[in-house]
Amino acid sequence: MHNSEIKYFLAVANTGSLSAASQQLFVAVSAISRQIQKLEERIGAPLFERHARGMVLTDAGQILENHVRKSMMDMEYAIAEIQGLKAVRRAFLRIACTDGMAFDLLPSLLTRFRQTNPSVTFFLQVGTAMQVSEMVRNGECDVAFQFSLSPERSVEVLASYPASVMLLMRPEHPLAQEQDIQMADLQAFPLLLPQQGTTTRQLFDLTCRMSGTFLEPVLSCNNLSTLYYFLLQTPDAVTACSHFSVLYRAKADGLMLKPVLRNPLTQRTLQIQTMAGKHRSAALNHFIDFVTDELGRENERVMADLSLS
C-alpha cells in the first residue's frame, strides 16, 4: 500500500468526513476520495459507510485502522529502541521492591550494573508487598522485585526463581550441622523474625502451626538489616529469610544458610515484575538482561553450595 493511501485513510477515519480531511491535509477532496477508492479496490471491501453527515468506518475499515495504528506504534517503538541504545548510559530507571530485596540484593546488583553503565541513575522505592504491587499496576515503577505467593493481576512476570524461606545462622551454631531441622528445635535459641504480614513470616508461622509448634521471637522487625546485625552480634541467634535477601552478604560475613525442606516454606518465588503491556526502554531491557543473568548464575551457585541443585 502507498503511504498516501494510508495517510488519507487515517485522516478520514480521524475526522469523519472527506471535507474535514481535506482541510487538515490541504489536499483536494477529489484527490482524497480517489485514494480511498483505490485502497478499497486493493483490499476488496468497502472501508467506510458514506452518509450525508460524514463517513463511518465499516468492520473492515476498523480492522485496517487497528493494524495501521499498531504498525505505526511498533515503528515508533523501534525508532525509540534504536535511539535508546545510544542513551542506555544516560538513562533513569525507577525500581520498586520489598524490604527483603533492599538490604543486600538490589544494592549489589545496582553497583555491579553501574560498573559497565556508570551514567545510569536509579530511584529505588521500598514498600510492602501490597504497595509494590500497586506501584507495578499503576505504572509508578519501571520494574519491581518482590517475593510472591500467588499470581498478580495486570502484572507481567519477566523472571521467577524459587525463593524458599531458609534459616540464617553462624557456622558454629549448634543447629548448623543438623541434617533435618525441626521447627521445635528453634525453641532453644534466640529467634529473629520479620514482622507479621510479610511472606517470610506468613510461611514461617504457617509451618509452625502445621507442626504444632509455638515460637516466640526475641526480636520482630520490619527491617531486615536490623535482624541481620542483631544476628551478627548474637552468636546463638537464628533468623529466617530467602537466600536472595543475603545473596552476597551472608558469605562475606561468615554466615550460613540452612534449608528447611518442608511445605509451606518452599512455596514462594522471587519475581521480577513490570506493568503488563507497558513498553520497555532499551535501558530497562539491558538492566533486566543483566539482572536475570546475574541472578540465574548466583542462584545456581547457592543451590550447589547447599547441595540442592
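First things first, this report covers the structure right here in the doc. Keep in mind that what you see is a predicted model, and the values were worked out from it rather than measured.

A few words now on the environment of serine 245. Mapped onto the secondary structure, serine 245 falls in the loop between β10 (238–241) and α10 (249–252). When the C-alpha atoms of serine 245 and glutamine 146 are compared, they prove to be 10 Å apart, with 99 residues separating the residues in sequence. The contact partners of serine 245, leaving out residues within four places of it in the chain, are Gly100, Phe103, Asp104, Leu105, Phe147 and Leu224. At 3.1 Å, the side chain of serine 245 and the backbone oxygen of glycine 100 are in polar contact.

On to the packing of helix α1 (residues 3–15) against helix α3 (residues 29–43), then. To describe two helices that pack against each other, one gives the angle between their axes and the distance between the axes. Running from amino to carboxyl end, α1 crosses α3 at an angle of 105 degrees, the nearest separation of the two axes being 9 Å. As the angle between them shows, α1 and α3 are arranged roughly perpendicular. Mapping the contact onto sequence places Ser4, Glu5, Tyr8, Phe9 and Val12 in α1 and Ala31, Ile32, Gln35, Ile36, Lys38, Leu39 and Arg42 in α3.

Now for unusual backbone geometry. For phenylalanine 26, which is not glycine, the phi dihedral falls at a positive 60 degrees. Residue placement: phenylalanine 26 occurs in the loop between α2 (18–25) and α3. The class for phenylalanine 26 is exposed, based on a relative accessible area of 77%.

Attention shifts here to the sheet that holds strand β7 (residues 166–169). Read across the sheet, five strands follow the order β9-β8-β10-β7-β11 without closing on themselves; strand pairing throughout is mixed. Two strands bound the open sheet, and with one partner strand each, they are β9 (219–221) and β11 (256–259). Sheet twist, expressed as the mean angle between neighbouring strand axes with direction ignored, is 30 degrees. Across three bridges, β7 lies against β10 in antiparallel orientation.

What follows concerns the pattern of salt bridges. In total, this model carries 13 salt bridges according to the counting rule given. Aspartate 205 is the salt-bridge partner of arginine 201, the closest N and O atoms lying 3.1 Å from each other. Here arginine 201 and its partner aspartate 205 are both found in helix α8 (residues 199–211), four residues apart, which amounts to about one turn of the helix. Overall, arginine 201 belongs to the buried group, its relative accessible area being 9%. A salt bridge links aspartate 253 to arginine 249; the nearest nitrogen and oxygen atoms lie 3.1 Å apart. Given a relative accessible area of 31%, aspartate 253 falls into the partly exposed group.

Our next topic: the environment of glutamine 146. Among the structural elements, glutamine 146 can be located in strand β5 (residues 143–148). Looking at glutamine 146, the relative accessible area reads 1%, which means it is buried. Each C-alpha atom, one on glutamine 146 and one on glutamine 273, is 8.0 Å from the other, the two residues being 127 residues apart in sequence. Among all residues touching glutamine 146, those that are not within four sequence positions of it are Thr98, Met101, Ala129, Val132, Ser133, Glu152, Thr269, Leu270, Gln271 and Gln273. For glutamine 146, the side chain forms a polar contact with the side chain of serine 133, separated by 3.1 Å. Side-chain polar atoms of glutamine 146 contact the side chain of glutamine 273, separated by 3.1 Å.

About the criteria used
Residues numbered from 1 in each chain as written. Predicted model: local features only at pLDDT ≥ 70, side-chain atom pairs only at ≥ 80, totals over all residues. Heavy atoms only, no water. Helix = DSSP H or I, 4+ residues; strand = E, 2+ residues; numbered from the N terminus. Contact = heavy atoms within 4.5 Å. Polar contact = N/O pair within 3.5 Å; in protein donor to acceptor, adjacent residues only side chain to side chain. Axes fitted to C-alpha atoms, helices over the stretch in contact; angles between N-to-C directions. Parallel < 35°, antiparallel > 145°, perpendicular 65-115°, else oblique. Buried < 20%, exposed > 50% of the residue type's maximum accessible area, 1.4 Å probe, protein only. Pairing = 2+ DSSP bridges. Salt bridge = Lys/Arg side-chain N within 4 Å of Asp/Glu carboxyl O.

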